[in-house]
2 protein chains.
Amino acid sequence: ELLEDIVAQFQPKSLAGRRVLVTAGPTFEGMDPVRGITNHSSGKMGFAIARAAREAGAEVTLVAGPVSLPTPRGVARIDVTTGRQMLAACEAEALRAHVFIATAAVADWRPAESAAQKIKKDGSGEPPVLRFAENPDILHTLARSERARSGALFCVGFAAESHDLLAHAQAKRARKGVPLLVGNIGPAAFGRDDNQLLLVDEGGHRELPRASKLSLARQLVNDIARRLPAASLVCAS
Amino acid sequence: ELLEDIVAQFQPKSLAGRRVLVTAGPTFEGMDPVRGITNHSSGKMGFAIARAAREAGAEVTLVAGPVSLPTPRGVARIDVTTGRQMLAACEAEALRAHVFIATAAVADWRPAESAAQKIKKDGSGEPPVLRFAENPDILHTLARSERARSGALFCVGFAAESHDLLAHAQAKRARKGVPLLVGNIGPAAFGRDDNQLLLVDEGGHRELPRASKLSLARQLVNDIARRLPAASLVCAS
C-alpha cells in the first residue's frame, strides 16, 4: 500500500483544476421492502476511475450504488440505491462538473410498483408476475444537458455486453450522444480485479490491453484529459 | 479482536461433538448473464451464528449466498449463488449434520427463464414482463427428510417480516414443520450489526432483547444445544 501511495504521487496531474463526476456499482430497484432487481456489477472499475482521477489532480465526486468497497482517499462519495436516486444526485453534481464518467450498471427497468409489505406466497401456487417500468437514462439525460452540449461537460459512457461488444458500443455511443464510449471486453469483467477496455470515439476504436482496473483507469483518465478543452476555456465556463 | 478471541475461548462448549449446518445471506436468481433478483439480507446474522456454533465446539459448515463477509475462523464455507445451488449443497451436508439453521433469505421465486444473452431494450418502449417459477423450499425439504423426522437432525428456521411477526413466525413454524422458528424483530435488521429475536416453539414464544448479532447468536446456540437429544443418542445415529 505504501508503494501504491508513492506510485499515486507520481501520476501526471493531467486533471488538475477539473471537477470529475463518476458513477459506479449496480442499482437496486425494490419490488417490496426486502426484494429487488440488481446486477453483478462490483463497482471496482468505477472506484478505480474515481481514484485515478483524484490522483490526476481532479476534484472527484463518486455516486455509488450498493457496494461494499472503501472510498478512495480524497474522493467525495454519495451513496444511492435506485437509478432514480442516482439520476438526482448526478443532475445536482453535474451543474459544476467538467467530466462525467458513467460506469454504473443502472437498471434499465425497475418494478412498476413496489409493494409496501413483503409479497407473500398466496397459497395459489401461482408465482407473481412482475411488470417493469423504464428507468431514467442518466447518461443520455446528462449528455443532452445544456452544459454538455456547450462543451463544458465531457460525458463518457460505459458498455458491458455479453456479445458483439464493438457493434453495441458504437451503437450505444451514437444513441447516447457522447463523444467517448468505453466497452468492457468479455462478459467476465464483473467482480474481477483486471479488465480490458475498448475505447470508441468519433474517429474509430482502440483497445487498452488486459491490466489491473487501476492501471486501466489511469490510462483512461489521461486519455480523457487529452480530449478536454484547454483549462482556460473551462475556467471561463 | 484479541479480547473477542479471549471471550470466544470462554464460551460454553455446549455443541462439542455436534455438526452444525448454517445457511446465510441472500440468493441471486439470474434473469440474464448480468441481471437478477436478490434481497437486502446482509448475511451477518447467519455468519454470527456459524461463529457462535464454532465457539461452542461444533464442527460448522456455512453455506453462503453472495455476500462479502469474512469466513469465521474454523468454519467450512461453501459459496453458492442461487436457491437451487443452496439446496444441493445443504442436502449433501445435511446427511451428516445434527443441527440445521436456515438463516439465508432464499428467493421464494426465480425468473422462469434466464436469457443466455443480456436482455436489450427492443425499441418498442415496452418494458419486458418477468415470469417467475417457485424456488425449492430448502427448510421444508430438509425438515421432512428422514433424518429430521427421526430426530437426528434438528431444524431451525428464520423469518424476516415487515409486519405481524409473531403470527407470521407461528404460521411459518407450522408450515415448515420445524421445532424452532426464530423471528427477526423489526424490518430494520437487514444489514445492521444488532438485532432482536423472537423464539417460537411448540410451547410458546420468548424474546431475546436487542443486542449485537454475535451476542444473540451465542444465546441462540446455547438455547438450541439444550433442545438436542443427549449426545450418546446422536453418536448412535
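Heads up: these notes are all about the structure in this document. (Residues numbered from 1 in each chain as written. Chains lettered and ligands numbered in written order. Predicted model: local features only at pLDDT ≥ 70, side-chain atom pairs only at ≥ 80, totals over all residues. Heavy atoms only, no water.)

Time to look at the environment of B:Ala50. All names here are of chain B. Note that Ala-50 resides in helix α2 (residues 44–55). Classification of Ala-50 by relative accessible area gives buried; the value is 0%. Sequence-wise, Ala-50 and Val-63 are 13 residues apart; in three dimensions their C-alpha atoms are separated by 9.8 Å. Apart from residues lying up to four places away in sequence, Ala-50 is in contact with Val-22, Val-60, Leu-62, Pro-72 and Val-75. (Helix = DSSP H or I, 4+ residues; strand = E, 2+ residues; numbered from the N terminus. Buried < 20%, exposed > 50% of the residue type's maximum accessible area, 1.4 Å probe, protein only. Contact = heavy atoms within 4.5 Å.)

A few words on the sheet that holds strand β7 (residues 109–111) of chain A. If you walk across this open sheet you meet the four strands as β7(A)-β8(A)-β8(B)-β7(B), and the pairing is antiparallel. Unpaired on one side and paired on the other, β7 of chain A together with β7 (109–111) of chain B mark the two borders of the sheet. Each neighbouring strand pair of the sheet contributes to a mean axis angle of 40 degrees, computed without reference to strand direction. Bridge analysis of strand β8 (residues 129–134) of chain A against strand β8 (residues 129–134) of chain B gives three bridges, and the strand direction is antiparallel. The partner of A:Arg131 across the bridge, within β8(B), is B:Val129. (Pairing = 2+ DSSP bridges. Axes fitted to C-alpha atoms, helices over the stretch in contact; angles between N-to-C directions.)

What follows is about the interface of chain B and chain A. Opposite the 33 residues of chain B that make contact, chain A presents 34 residues. In this assembly, chain B packs against chain A so that about 3400 Å² is buried in total across both faces, 59% of it on carbon and sulfur atoms. Looking at the side of chain B facing chain A, the largest losses of area belong to B:Trp109, B:Lys121 and B:Phe132, adding up to 19% of the total buried there. A salt bridge links A:Arg35 to B:Asp108; the shortest N-O distance between them is 2.6 Å. Broken down by element, the side of chain B that touches chain A gets its largest block of residues, six residues, from β8(B). (Buried area = accessible area lost by both parts, 1.4 Å probe. Salt bridge = Lys/Arg side-chain N within 4 Å of Asp/Glu carboxyl O.)

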